[in-house]
Amino acid sequence: MLERLLELPAAEAAPSRLTGGPALWVEGREFLHLHGDEAEIRLTRKLISQLDDPRVTRRTRTSD
């Protein structure tokens, strides 16, 4: 899974600052890491507000 995502422009693999496991980064920001078989993806507020999917959860923090 991560190998295909590394084809994205500017994507780099490095350890997650949250889990220590594999993660993907763009411009110094972690945008994806894994929790077993699930991927946690960091999206912009604008994109999140456009999604209508029960799998999308919103954090209570306003930094993401």
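Residues numbered from 1 in each chain as written. Predicted model: local features only at pLDDT ≥ 70, side-chain atom pairs only at ≥ 80, totals over all residues. Heavy atoms only, no water.

Draft legend 1. Region of the structure containing the overall build of the protein. When you go through the protein residue by residue, the secondary structure sums to two helices and four strands. From first element to last, N terminus to C terminus, the protein shows the α and β order α-β-β-β-β-α. A principal-axis box enclosing the C-alpha atoms of the protein has dimensions of 30 × 25 × 20 Å. Within the protein, the proportion of its 64 residues that are buried is 17%. The contacts in the protein between residues at least 6 apart in sequence include a share of 10% that link residues at least 24 apart. Accessible area of the protein: about 5400 Å², with a carbon and sulfur share of 53%. Charge separation in the protein, taken as the distance between the mean sites of 10 positive and 11 negative side-chain charges, equals 8 Å. (Helix = DSSP H or I, 4+ residues; strand = E, 2+ residues; numbered from the N terminus. Buried < 20%, exposed > 50% of the residue type's maximum accessible area, 1.4 Å probe, protein only. Contact = heavy atoms within 4.5 Å. Areas by Shrake-Rupley, 256 points an atom, 1.4 Å probe, with all protein chains shown as cover. Lys, Arg positive; Asp, Glu negative; His and termini not counted. Charge placed at Lys NZ, Arg CZ, Asp CG, Glu CD.)

Draft legend 2. Just the sheet that holds strand β3 (residues 29-35), in detail. Taken together, four strands build an open sheet; the order of strands is β1-β2-β3-β4 and the sheet is antiparallel. Taken across any chain shown, the strands that pair with only one partner, and hence form the sheet edges, are β1 (12-15) and β4 (38-41). Strand-to-strand twist in this sheet, taken as the mean axis angle between neighbours without regard to direction, amounts to 30°. (Pairing = 2+ DSSP bridges. Axes fitted to C-alpha atoms, helices over the stretch in contact; angles between N-to-C directions.)

Draft legend 3. Seen up close, the side chain of His33. Inspection of the secondary structure assignment puts His33 in strand β3. Assessed through its relative accessible area of 4%, His33 is described here as buried. Side chain to side chain, His33 and Glu30 meet in a polar contact 2.7 Å long. A polar atom in the side chain of His33 sits 3.0 Å from the side chain of His35. (Polar contact = N/O pair within 3.5 Å; in protein donor to acceptor, adjacent residues only side chain to side chain.)

Draft legend 4. The arrangement of the pairing of β1 in detail. Bridge count for β1 against strand β2 (residues 22-26) is four bridges, and the pairing is antiparallel. Note on β2: the bridge partner recorded for Glu12 is Trp25. The hairpin turn running from β1 into β2, its antiparallel successor, is six residues long, and Gly20 in that turn takes a positive phi close to 80°.

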